[in-house]
Amino acid sequence: MSTQTSNIFTNENWTRSDKYHNSFLIAKDPVLDEVVKNCKEQGIPNIALSAAQAKFLHLILKTIGAKNYLEVGTLGGYSAIWAARALPQDGKVITLEINPHHAKVAEENLKLAGLQDKVKVILGPAADSLSKLHPEELFDLAFIDADKVNNLLYFTEAKRLVRPGGIIIVDNVVWDGTVGDPEYSDDNVEGIRKLLHALKDDKEVEATTIATAGEKGFDGFIYALRK
């Protein structure tokens, strides 16, 4: 491989590409700029979805005419805001967060975006919160973006909570390519692999992994259709 070609595969180039495309396809948004600023000032880890990824989630919700959205892993509320904006006026977002500080910042950001009545942040371990959810209407889409060790548990609960024909998305399942490396192992990677092994024979969903490269690095997500 030439040096010129190999240099393409860097975060610097992926970030530049994202910013270029975003300049055409994602309008400037002072509210979201304030949300990102607030997250940074309050020490929220910079691990939220990128703008392009968040808009993709937004577009999926609009495409399927979603009304009810479930999120595992709130962080600072960035993705919840994008999701809530995609739902109709009577739509509802339920988002689960284990960290009290993150939940507090998310509540602030949701209020800043005028979405505090549309989004409910539930504080506590997601495993416990999920087990207590028994909604009158099943969710149209569940987005799982929390600790990877419990991916299978979260996914199993999501199947119970998502309607037939609904969607389950699990983020960060490529993990810089390490998930596919048989010589690499850590708790996160093993959590992702455990989910993949379970999906292989899961007759309740049909799924695929989409790898991504952008300002968040080399990663990807599982997209599963609930049968």
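As the structure is a computational prediction, the values presented were derived from the model and not from experiment. (Residues numbered from 1 in each chain as written. Predicted model: local features only at pLDDT ≥ 70, side-chain atom pairs only at ≥ 80, totals over all residues. Heavy atoms only, no water.)

Novice: Can you explain the sheet that holds strand β7 (residues 217–226)? Please cite residues and give values.
Specialist: Strand order in the open sheet formed by seven strands is β3-β2-β1-β4-β5-β7-β6, with mixed pairing between adjacent strands. Each edge of the open sheet carries a strand with a single partner, namely β3 (119–123) and β6 (205–214). Adjacent strand axes in the sheet meet at a mean angle of 15°, parallel and antiparallel pairs treated alike. For strand β1 (residues 68–72) and strand β4 (residues 139–144), the ladder comprises four bridges, and the chain directions are parallel. By the bridge assignment for β4, V72 is matched with I144. Those strands touched by helix α6 (residues 100–112) are β2 (92–97) and β3, and its axis lies near 170° from that of β3. Sitting on the sheet, helix α8 (residues 151–161) touches β1, β4, β5 (162–171), β6 and β7, and the angle it makes with β5 is about 160°. (Pairing = 2+ DSSP bridges. Helix = DSSP H or I, 4+ residues; strand = E, 2+ residues; numbered from the N terminus. Axes fitted to C-alpha atoms, helices over the stretch in contact; angles between N-to-C directions. Contact = heavy atoms within 4.5 Å.)

Novice: Explain the pattern of salt bridges to me, using residue names and the numbers behind them.
Specialist: In this structure the tally under the stated criterion is ten salt bridges. The salt bridge involving E157 is made with R160; its shortest N-O contact spans 2.8 Å. Separated by three residues within a single helix, E157 and R160 lie in helix α8, roughly one turn from each other. Given the relative accessible area of 19%, E157 is considered buried. Bridged by salt links that share partners, the residues K67, D90 and E137 form one connected network. (Salt bridge = Lys/Arg side-chain N within 4 Å of Asp/Glu carboxyl O. Buried < 20%, exposed > 50% of the residue type's maximum accessible area, 1.4 Å probe, protein only.)

Novice: Tell me about the pairing of β7, and name the residues and values.
Specialist: Among the ten residues that make up β7, seven are buried, leaving the element largely enclosed by the rest of the structure. Relative to β7, β5 is paired through five bridges, and the arrangement is antiparallel. Along β7, the bridge assignment pairs I167 with L225. Note: β6 against β7, ten bridges, orientation antiparallel. Paired with A207 across the strands is A224, a residue of β7.

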